Amino acid sequence: MLIFDFLEKNAREYPDDIALVEINPAANAKPMTTWKEYALMEPNKGGPYRQEITWRVFNEKSNRVANALLARGVMPGEKVGILLMNCLDWLPIYFGILKTGAMAVPLNYRYDSNEIDYCVKLADIDILLFGPEFRGRIEEILDSLSEHRLLYYIGSDCPDYAENFIVETSNYPSISPDIEISEDDYAAIYFSSGTTGFPKAILHKHSSLVHSALAEQNHHRQEKDDVFLCIPPLYHTGAKMHWFGSLVSGGKGVLLRGTSPDDILTAASEEGCTIVWLLVPWAQDILDALDRGDLKISDYKLDQWRLMHIGAQPVPPSMIRHWKDYFPNHQYDTNYGLSESLGPGCVHLGLENINKVGAIGIPGYGWEAMVVDEEKNPVEPGGVGELAVKGPAVMLCYYKDEEATKEVLSEDGWLYTGDMAKQDKDGFFYLVDRKKDVIISGGENIYPVQIEDFLHEMEEIKDVAVIGLPDKRLGEISAAIIEVKPECSLTERDIYEFCQELPRYKRPARIIFAPVPRNATGKIEKPLLRERYGGAFLVAAETETV
């Protein structure tokens, strides 16, 4: 089975049911009547507030994309890049690429021009499809990109160096192309979502996509009547693979182009959403708005909302306890995964295990997991080591990087995640920290996530990140970067007094009041924080020593 077989099944069985809805809070409410009118509108510049397509139209659009690409000579195994904001075109284009036998290569829409150029060359992209938001960045590297590559533009006012993809695809048939593709063929290249440096290209085959879809539906039990609210970027494996549960069940998916608490609750209310995937900052923003009285649950229709789940970063248990104060009937799940394991679900908490909040959970559907020491030997329960996972959606390799592949992927299929973890006597895994983020101070290992979870118990704290800073005497000391809620105030003394409950070696040695930066998938950008504050504190330490 291939991932687009689910799409074609839905088009046959539920042709007139809504497949996808796009909600654009920043757009005008002017109604649009045809897909072509919609497609030629630039996002956030006069387009509709709400637009939808059925399963039949979704499948027909993907077939036109596939037939247009094939007519241009796209061959199985070639690579087609997608550089788009979340929109109603994104998924039909993705599936159209897959139907040709070519590989889909989604690009992070936050990449600057140099990163776009780097990733296009690293992945050997043959055709690049891009939206109007990226014209400036594309033009900065046009000489490099246009050499031996076809550029397709998706939007109005097509530049002369690209071809109009919407106009071209509308002239091709809406029947599925007859291309022989197997589960073992290459399907997609995704880029690692690291928080610094240039990303790695991660190669996956078709069977990985199918397993991720089946795992998601198994974990969250999507049925036809479920409605999934998707907010994170579709270029990332997490968002798309969570939506795959709707693909399997034939349920409606809602793409929300907004992250404010009111945007999220309004979309959930108006669209009847039953499942919402949030990142930690968005969930915290909703709680803060409810605490302040800026929003009232009674103003929304939310009785149908059954599941809130979170992934992509450690989740403070205190936040989930507070969430249940407002939403006591919600099911909850934590999802752990990597782009190298094709998104979420290689480890997950499970809907029935809310009593284990704080854990990332147990191995997901079809997955194995273990904690290992430096020699890759299993660690006894309670001991800290590196988390390793094994399953049907592990990447084939880092594309064109054999050395990096060997560092994380064993010959027998174990993927070493770089995350430090421990396992309790019940078999549940707990993240301790990223291997590279562990602070070694005077010979003691300090795990920042443990301190962050502790500090999150302070009601005045909106977000917190703990990093290591250089110290001439101890090697490193811990520093807490603390973002205070707008209506609150805190002092260093307040923090130090609160931390008296921690063992002395775990108490932050420095307190910095500043915003906590997170990337598009909600991960704290700790390398940026170390770069921002590390040098200044090293100079200060040397000055104090003199």
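These numbers come from a predicted model, not from an experiment.

Undergrad: Just checking my understanding: could you explain the overall build of the protein for this structure?
TA: When you go through the protein residue by residue, the secondary structure sums to 17 helices and 26 strands. Here the C-alpha radius of gyration of the protein, 24 Å, is about what a compact globule of 546 residues would show, namely 24 Å. Once the C-alpha set of the protein is aligned to its principal axes, its extents read approximately 70 × 55 × 45 Å. Across the 546 residues of the protein, 59% fall into the buried class. Of the contacts made within the protein by residues no fewer than 6 positions apart, 69% connect residues no fewer than 24 positions apart. Put simply, the protein shows about 22,100 Å² of open surface, and 48% of that area lies on carbon and sulfur atoms. When the 54 positive and 85 negative side-chain charges of the protein are each reduced to one mean point, those points stand 1 Å apart.

Undergrad: For this particular structure, what's the right way to read the sheet that holds strand S2 (residues 50–54)?
TA: In any sheet, the strands associate via hydrogen bonds between backbone groups, in a parallel or an antiparallel arrangement. Spatial ordering of the open sheet is given by S2-S1-S11-S10-S12-S13-S14-S15-S16, a layout of nine strands whose pairing is mixed. Here the strands that pair on one side only, and so sit at the sheet edges, are S2 and strand S16 (362–363). Bridging between strand S1 (residues 18–23) and S2 involves five bridges; their strand directions are antiparallel. What sits directly across from Ile23, in S2, is Arg50. Of the strands in this sheet, S1, strand S10 (227–230), strand S11 (252–256), strand S12 (275–278), strand S13 (307–311), strand S14 (331–338) and strand S15 (343–348) are in contact with helix H10 (residues 237–249), which crosses S15 at around 80°. Contacts from helix H12 (residues 280–292) reach S12 and S13, with the element oriented near 110° to S12.

Undergrad: Can you walk me through the sheet that holds strand S20 (residues 415–423) in this structure?
TA: The strand order across the open sheet formed by four strands is S17-S18-S20-S21, and the pairing between neighbours is antiparallel. The open sheet has two free edges, formed respectively by strand S17 (368–372) and strand S21 (429–434), since each of these has just one partner strand. In this sheet, neighbouring strand axes are inclined to one another by 45° on average, regardless of whether the strands run parallel or antiparallel. Of the pairings in the sheet, the one linking S20 to S21 comprises five bridges and is antiparallel in character. Paired with Asp419 across the two strands is Arg434, which belongs to S21.

Undergrad: Would you explain the packing of H12 against helix H13 (residues 317–326) in this entry?
TA: A packed helix pair is summarised by two numbers, namely the angle formed by the two axes and the spacing between the axes. Here H12 crosses H13 at 50°, and the two axes come no closer than 11 Å. When the interaxial angle is binned, H12 and H13 end up oblique. Crossing handedness for the pair H12 and H13: left-handed. Residues Val280, Ala283, Gln284, Ile286, Leu287, Leu290 and Asp291 of H12 form the contact with H13, whose participating residues are Met319, His322, Trp323 and Tyr326. When the residues that make up the contact of H12 with H13 are grouped by side-chain class, the tally is eight nonpolar, two polar and one charged.

Undergrad: Is there a simple way to explain the packing of helix H1 (residues 3–13) against helix H9 (residues 206–220) in this structure?
TA: At a minimum axis separation of 7 Å, H1 and H9 run at an interaxial angle of 55°. In terms of their interaxial angle, H1 and H9 are classed as oblique. Mapping the contact onto sequence places Ile3, Phe4 and Phe6 in H1 and His206, Leu209, Val210, Ala213 and Leu214 in H9. A breakdown of the residues in the contact of H1 with H9 according to their chemical character gives seven nonpolar, one polar and no charged.

Undergrad: Just checking my understanding: could you explain the pattern of salt bridges for this structure?
TA: When the charged atoms of two side chains with opposite charge come close together, those side chains can pair. Under the criterion given, the structure shown has 31 salt bridges. Across the salt bridge formed by Lys400 and Asp124, the nearest N and O atoms sit 3.2 Å from each other. Of this pair, Lys400 sits in the loop between strand S19 (397–398) and helix H14 (402–408) while Asp124 sits in the loop between helix H5 (113–122) and strand S5 (127–130); the two residues are 276 residues apart in sequence, bridging distant segments of the chain. One salt bridge in this structure joins Lys406 and Glu402, with 3.3 Å as the shortest N-O distance. Placement of the pair is Lys406 and Glu402 together in helix H14, with a separation of four residues, close to one helical turn. In this structure, Lys406 and Glu402 share a single accessibility class: exposed. One continuous salt-bridge network, built from bridges that share partners, spans Arg50, Glu52, Lys252 and Glu271.

Undergrad: Just checking my understanding: could you explain the side chain of Glu22 for this structure?
TA: If you trace the backbone, Glu22 turns up in strand S1. In this structure the side chain of Glu22 is engaged in a polar contact, spanning 3.4 Å, whose partner is the side chain of Arg257.

Conventions we followed
- Residues numbered from 1 in each chain as written.
- Predicted model: local features only at pLDDT ≥ 70, side-chain atom pairs only at ≥ 80, totals over all residues.
- Heavy atoms only, no water.
- Helix = DSSP H or I, 4+ residues; strand = E, 2+ residues; numbered from the N terminus.
- Rg over C-alpha atoms; globule rule 2.2 N^0.38 Å.
- Buried < 20%, exposed > 50% of the residue type's maximum accessible area, 1.4 Å probe, protein only.
- Contact = heavy atoms within 4.5 Å.
- Areas by Shrake-Rupley, 256 points an atom, 1.4 Å probe, with all protein chains shown as cover.
- Lys, Arg positive; Asp, Glu negative; His and termini not counted.
- Charge placed at Lys NZ, Arg CZ, Asp CG, Glu CD.
- Pairing = 2+ DSSP bridges.
- Axes fitted to C-alpha atoms, helices over the stretch in contact; angles between N-to-C directions.
- Parallel < 35°, antiparallel > 145°, perpendicular 65-115°, else oblique.
- Left-handed = near helix turned anticlockwise from the far one by under 90°.
- Nonpolar A, V, L, I, M, F, W, Y, C, P; charged D, E, K, R; others polar.
- Salt bridge = Lys/Arg side-chain N within 4 Å of Asp/Glu carboxyl O.
- Polar contact = N/O pair within 3.5 Å; in protein donor to acceptor, adjacent residues only side chain to side chain.

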